[in-house]
Amino acid sequence: MRFFQSSLLLHLLALANAAIIERDESQPELYDAVIVGGGPSGLSALSGLARVRRKVLLIDSGEYRNGPTRHMHDVLGFDGVAPAYFRWAAREQISYYDTVSMTNGTVTEIEAQNNNTQYQVDFVHEGVGERVIARKIVLATGLRDILPDTPGVKENWGKGIYWCPWCDGHEHSDQPLGLLAPLDQIADMVREILTLNTNIIAFVNGTDTEEMRDLAEQDMEDYEIYLNINKVKVDNRTIKGIRRLKNGADGHADPSLPTVAEYDEFRVEFSEGKGVNRAAFFAGFPSEQRSSLGEEMGVHIYKKRMFSNMTLGFSTNIPGVYAVGDANSDNITNVPHAMFTGKRTAVYLHVQIAREDTAKEIAEAKKHGAANDDGKREVNFDETMHLPRDEEMRSLWERMNGDPRDILYAGDWDQQMN
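Quick notes on the rules
- Residues numbered from 1 in each chain as written.
- Predicted model: local features only at pLDDT ≥ 70, side-chain atom pairs only at ≥ 80, totals over all residues.
- Heavy atoms only, no water.
- Axes fitted to C-alpha atoms, helices over the stretch in contact; angles between N-to-C directions.
- Helix = DSSP H or I, 4+ residues; strand = E, 2+ residues; numbered from the N terminus.
- Left-handed = near helix turned anticlockwise from the far one by under 90°.
- Contact = heavy atoms within 4.5 Å.
- Nonpolar A, V, L, I, M, F, W, Y, C, P; charged D, E, K, R; others polar.
- Salt bridge = Lys/Arg side-chain N within 4 Å of Asp/Glu carboxyl O.
- Buried < 20%, exposed > 50% of the residue type's maximum accessible area, 1.4 Å probe, protein only.
- Phe/Tyr/Trp six-rings, centres within 6.5 Å; stacked < 30°, edge-to-face > 60°.
- Pairing = 2+ DSSP bridges.
- Expected span 1.5 Å × (residues − 1).
- Arc of directions from axis to C-beta.

(A) How the structure looks around the packing of helix α2 (residues 40-50) against helix α10 (residues 335-368). The geometry of α2 relative to α10 is characterised by a closest axis approach of 7 Å and an angle of 35 degrees between their N-to-C directions. Handedness of the α2/α10 crossing: right-handed. Judged by residue contacts, P40, S41, S44, A45, G48 and L49 of α2 engage V335, A338, M339, T341, G342, K343, A346, L349 and H350 from α10. Of the residues contributing to the contact of α2 with α10, the split by class is eight nonpolar, six polar and one charged.

(B) Layout of the pattern of salt bridges. Summed over all chains, the structure comprises 19 salt bridges. Of the charged contacts in the structure, one is a salt bridge between R65 and D326, with a shortest N-O distance of 3.3 Å. Here D326 lies in the loop between β19 (321-323) and α10 and R65 lies in the loop between β2 (56-60) and α3 (83-94), a separation of 261 residues in the sequence. Across the pair, exposure class does not vary: R65 and D326 are buried alike. Here D149 makes a salt bridge to K154, at a shortest N to O gap of 3.5 Å. A network of salt bridges, in which partner residues are shared, links R70, R244, E262 and D264.

(C) Local environment of the packing of aromatic side chains. Tallied over the entire structure, the rule returns nine aromatic pairs. Aromatic pair F203 and F270: ring centres 6.0 Å apart, planes at 35 degrees, arrangement tilted. With a gap of 67 residues between them, F203 in strand β10 (residues 200-203) and F270 in strand β13 (residues 265-270) connect regions that are remote in the sequence. There is no split in this pair, since F203 and F270 are both buried.

(D) Representation of the sheet that holds strand β14 (residues 276-278) in the model. With antiparallel pairing, three strands are arranged side by side in an open sheet as β12-β13-β14. This sheet does not close on itself; its edge strands, each paired only once, are β12 (239-246) and β14. When strand polarity is set aside, the average angle formed by the axes of neighbouring strands in this sheet is 25 degrees. Alignment of β13 against β14, held across three bridges, turns out to be antiparallel.

(E) Structural view of α3. In this model α3 runs 17 Å from its N-terminal to its C-terminal C-alpha over 12 residues, within 8% of the 16 Å that 1.5 Å per residue would give. Residues of α3 that are buried include every one of P83, F86, R87, A89, A90 and I94, and no others. For α3, the angular spread of the buried residues around the axis is 165 degrees, confining them to a single face. Where α3 is buried, its residues touch α2, β3 (100-104) and α10.

Right under this line is the structure:
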């Protein structure tokens, strides 16, 4: 009996091992491109590639820089909608294109193979590790705002405390405003926000020092005169916390309207002295890469951004790898521009794959020879194929790229080739 049990156990173990080996030896699915990140830039790249029937997978971790904010703005046709609604609407439209797919998951590693002609992408989906192969990689991994530990900042981020006047400032216009930043940033922030707010207090949290004053003077000569002209008060006390007194979200507002005033109210509490009430805050906090994937792959980092060449479709220093959206080095961080970078990369990536395929087809034909229909002679590819190629690629670029007046226009062909 014991022998039978042992034999049965060995048999079951053998079956289990066989199943594991079979799974490991299965070939990962091959894609033209894998896009890492499902924010505006990643979705825009996916849409552009879907339009030319490229096989593409988008992997979305579900983490977004504008996730905490109530509404997104300055996006034509979507002004005032919640960021989640925008992503849902984009996914819904893109889902009609059957050559692309989207999945939730976290990419854990991207490994270059075959001299950077393809990439192995490992990711986790619902707790299960998966692997695919891609010819090109688009990093749309975004940024993360580095928020201080001051009580009340993280809890209210994007809901009365914001970093982008274009994104959230209009809803708090003509209200008492606080600035949260070191002293050397204050003058620039005032200059940026004055068309929206004039009742301004700068809470510099102990940074009003001799050294910081020198830096502020270097940034803007006579900055103190400028602040005095605009009646901006500088409060140097140490901030103990920011307490919400009133929630300005209007649950009864018409969701179809592009902008609705938000009347939040906060109290800034200090380690000493009386607190100060403000309706909203414009903050100057630093940011960082949300993902380390690019750096781990060897992408050059320039001023905390992934360096990318706009004239070459936002390509990085690694062949076949592109960086789009907030995470790249063009230092422009807004939704319309993020969408532009995704579209530009989609156009360039598509044409680049077409060029590679064309070169491969010609090389194969030259290697094996090719006969015409009656089989009487071979074609001399050296003499006939090099001229139509550039014309064909130019035509392909112009057909896909669209009208120069389009907001997502990616530039003319000659600019890309220079």
